[in-house]
Amino acid sequence: MRRALIAACGMVAVMAGLAVHAAPLTDEKPLLEGRAVVLRIEAGEVVVEPGEPGRVAVEVDLLPGQRLLWREGLDRLIVVLDDSVRTVPRPSRLRLRVPPAADLLLRVGNSRLDVSGVGGQRLRVEAGRGDVVVASAAPDIAIETTQGAIVARSEGGRLATNSVGGRQRLQASGAVEVEASSVGGPIEAQLAVGARVRLASVAGAIRLSVGAGAGVDAHLETLSGDIELRLPPGTPFGVRLAPSSGTVELPPTYAPRADGLWASAPGGGVARLTSFSGNIRVIEPPPRADTP
């Protein structure tokens with residue numbers, strides 16, 4: 001009797017293990033030209049990458065009770081990972097392949113998201129606590145998280161990000177308009193060329209590095225965080241400083257002008273730097289010795 005009971009308990013354990021085993025599923029649908037792709041998932045790991053023109057393909061590991069649903073709209077194809085049998089959605093791994101020219105709206109809940117090489121003309125990401133990594137040539141990118149970190153690489157256009165508490169690291173290789181906001185997380189932006197930049201945080205630090213100062217129109221503002229602006233050597237540039245109780249450090253070549261700017265030389269870009277209790281630092285390294 002005792003051996004039978006042990007064997008029965010072992011069988012129950014095995015069956016329980018099989019019951020929670022994820023089953024892989026691969027599915028695809030045609031995508032009409034001009035339609036956007038919408039993804040909805042609540043938790044897990046999501047990868048979005050280039051696929052074949054006119055096709056949307058999904059690879060996903062489904063747990064018992066989960067379903068992959070397709071819905072058609074007038075201007076969009078919607079992909080949903082449904083886990084409504086559970087009060088708290090379970091994490092799943094999902095890979096989405098879309099035509100690079102298709103616009104995207106990704107509502108990924110608390111999933112970790114990795115997007116590369118897609119986005120069409122308009123890429124939108126709505127996330128929660130999961131980290132978001134995006135590398136796209138889409139001219140209009142917007143990313144929003146609650147606590148998740150954001151890493152975004154743009155080739156030019158408009159890049160708008162917001163995270164309540166996550167770190168934001170933004171890079172742009174072309175002319176771009178950047179708007180980033182945060183409550184407590186730090187914001188770092190690295191731009192290859194001039195741009196219109198608006199970075200704002202309540203308590204997080206802000207750092208902006210520009211590869212070419214000409215054409216930069218920047219406004220960096222934080223309530224209690226530090227601000228650091230890094231400029232290329234020998235670039236004419238001016239900064240406008242708002243009152244701050246922290247320290248202010250400027251390059252030795254900067255001097256006050258009648259219009260309220262501190263500048264190294266006439267012309268060039270301009271930045272307004274505001275930190276009410278944090279420190280402000282503008283760094284312009286000297287030209288390299290081997291520079292003609």
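Cut-offs used in this document
Per chain, residues are indexed from 1 in the order of the written sequence. Selection of residues for local features in this predicted model requires a pLDDT of at least 70, selection of side-chain atom pairs for listing and counting requires 80 or more, and totals for whole chains, interfaces and linings are taken over all residues. No hydrogens and no water enter the side-chain calculation; it runs on all heavy atoms of the structure. Per the convention used, a helix needs a DSSP run of H or I reaching at least four residues, while a strand needs a run of E reaching at least two, with both numbered from the N terminus. Here a residue-residue contact requires only that any non-hydrogen atoms of the pair lie within 4.5 Å. Surface accessibility follows the Shrake-Rupley procedure with a 1.4 Å probe radius. Residue values consider only the protein chains on display as shielding. DSSP bridges decide pairing: two strands pair if at least two such bridges lie between them. Among buried residues, the Ala, Val, Leu, Ile, Met, Phe, Trp, Tyr and Cys ones that are joined through side-chain atoms within 4.5 Å form a nonpolar core. The buried label goes to any residue with under 20% of its type's maximum accessible area, the exposed label to any with over 50%, and the partly exposed label to all in between, with areas taken from a 1.4 Å probe on protein chains only. The pLDDT value tells you how sure the predictor is about a given residue, anywhere from 0 up to 100. Think of a salt bridge as a Lys or Arg side-chain nitrogen and an Asp or Glu carboxyl oxygen that are within 4 Å of each other. Each patch is assembled from residues with relative accessible area greater than 30% and no salt bridge, linking like charges that lie within 9 Å and nonpolar side chains (Val, Leu, Ile, Met, Phe, Trp, Tyr) that lie within 5 Å. His is not counted, nor are the chain ends, whereas Lys and Arg count as positive and Asp and Glu as negative. The term polar contact refers here to a pair of N or O atoms within 3.5 Å; inside protein, the definition further demands a hydrogen-donor-capable atom paired with an acceptor-capable atom, and it admits residues adjacent in sequence only when both atoms are side-chain atoms.

## Things to note about the overall build of the chain
- Across its full length, the chain holds one helix and 27 strands.
- The long-range share in the chain, meaning contacts at least 24 apart out of those at least 6 apart in sequence, stands at 42%.
- If you sum the accessible surface of the chain, you get close to 14800 Å²; carbon and sulfur atoms cover 55% of it.

## Describing the pairing of strand β5 (residues 67-72)
- The pairing of β5 with strand β6 (residues 76-82) spans six bridges and is classified as antiparallel. Bridge pairing in β6 places Leu69 opposite Val80.
- In this structure, the hairpin formed by β5 and β6 is closed by a connection of three residues.

## Some points on the nonpolar core
- Counting residues in hydrophobic clusters, the biggest one holds 63 residues, and the most contacted among them are Val48, Leu96, Leu106, Leu199 and Leu208.
- Per element, the largest residue contribution to this core is four residues, and it comes from strand β4 (residues 55-62).
- Beyond its immediate chain neighbours, meaning those up to four positions away, Leu199 contacts Val178, Ala180, Ile187, Ala189, Ile206, Leu208, His219, Leu220 and Glu221.

## Describing the confidence of the model for the chain
- Here the chain averages 89 in pLDDT, and 90% of its residues register 70 or above.
- Note that pLDDT drops below 50 for residues 4-19; the model gives that stretch one contact with residues more than four away or on any other chain.

## Regarding the pattern of salt bridges
- In total, this model carries 20 salt bridges according to the counting rule given.
- Here Arg124 ties to Asp140 by a salt bridge, and the two come within 3.1 Å at their closest N and O atoms. On the criterion of sequence distance, the pair formed by Arg124 in strand β10 (residues 119-127) and Asp140 in strand β12 (residues 140-145) is long-range, its members being 16 residues apart.
- For Arg230, the salt bridge identified is with Glu228, shortest N-O distance 2.8 Å.
- Assessed through its relative accessible area of 35%, Arg230 is described here as partly exposed.

## Brief notes about the pairing of strand β21 (residues 227-230)
- Where strand β19 (residues 206-210) meets β21, four bridges bridge the pair, whose relative direction is parallel. Following the sheet pairing, Ile206 is matched in β21 by Ile227.
- In the sheet, β21 pairs with strand β27 (residues 280-283) via four bridges, with the strands oriented parallel. Across the sheet, residue Leu229 finds its bridge partner in β27, namely Val282.

## Quick look at a nonpolar patch on the surface
- Nonpolar side chains collect at one region of the surface, where Val164, Val183, Val202, Leu223 and Phe276 lie side by side and expose about 400 Å² of accessible area between them.
- Position of Leu223 among the secondary structure elements: in the loop between β20 (217-222) and β21.

## Quick look at the environment of Leu229
- Mapped onto the fold, Leu229 is located in strand β21.
- Taking the relative accessible area as the measure of exposure, Leu229 reaches 1% and is therefore buried.
- Separated by 11 residues in the primary sequence, Leu229 and Ala218 place their C-alpha atoms 9.9 Å from one another.
- Those residues within four positions of Leu229 in sequence are excluded, and the remaining contacts are Leu208, Phe237, Val239, Ala271, Arg281, Val282 and Ile283.

## Comments concerning the side chain of Glu284
- Counting through the fold element by element, Glu284 comes out in the segment after β27.
- It is Arg230 that comes nearest to the buried, bridge-free Glu284 among opposite-charge side chains, at 12 Å.
- Apart from the residues within four sequence positions on either side, Glu284 is in contact with Leu231, Pro232, Pro233, Gly234, Thr235, Pro251 and Tyr254.

## Brief notes about the environment of Asp27
- In this structure, Asp27 sits in strand β1 (residues 23-30).
- Along the sequence, Asp27 and Val58 sit 31 residues apart, while their C-alpha atoms lie 5.4 Å from each other.
- Filtering out sequence-adjacent residues up to four positions away, Asp27 remains in contact with Val56, Ala57, Val58, Leu68 and Trp70.
- Only 3.0 Å separates the side chain of Asp27 from the side chain of Trp70, close enough to count as a polar contact.

## Quick look at the environment of Val216
- Here Val216 lies in the loop between β19 and β20.
- The buried category is assigned to Val216, whose relative accessible area is 4%.
- Sequence spacing of Val216 and Val193 is 23 residues, and the spatial spacing of their C-alpha atoms is 7.9 Å.
- Sequence-distant contacts of Val216, that is, excluding residues within four places in its chain, are made with Gly194, Ala195, Val210, Phe237, Gly269 and Val270.

## A word on the side chain of Arg90
- Relative to the elements of secondary structure, Arg90 occurs in the loop between β6 and β7 (92-98).
- Discounting residues that sit within four places of it in the chain, Arg90 has contacts with Ala43, Leu63, Pro64, Gly65, Gln66, Asp83 and Val85.

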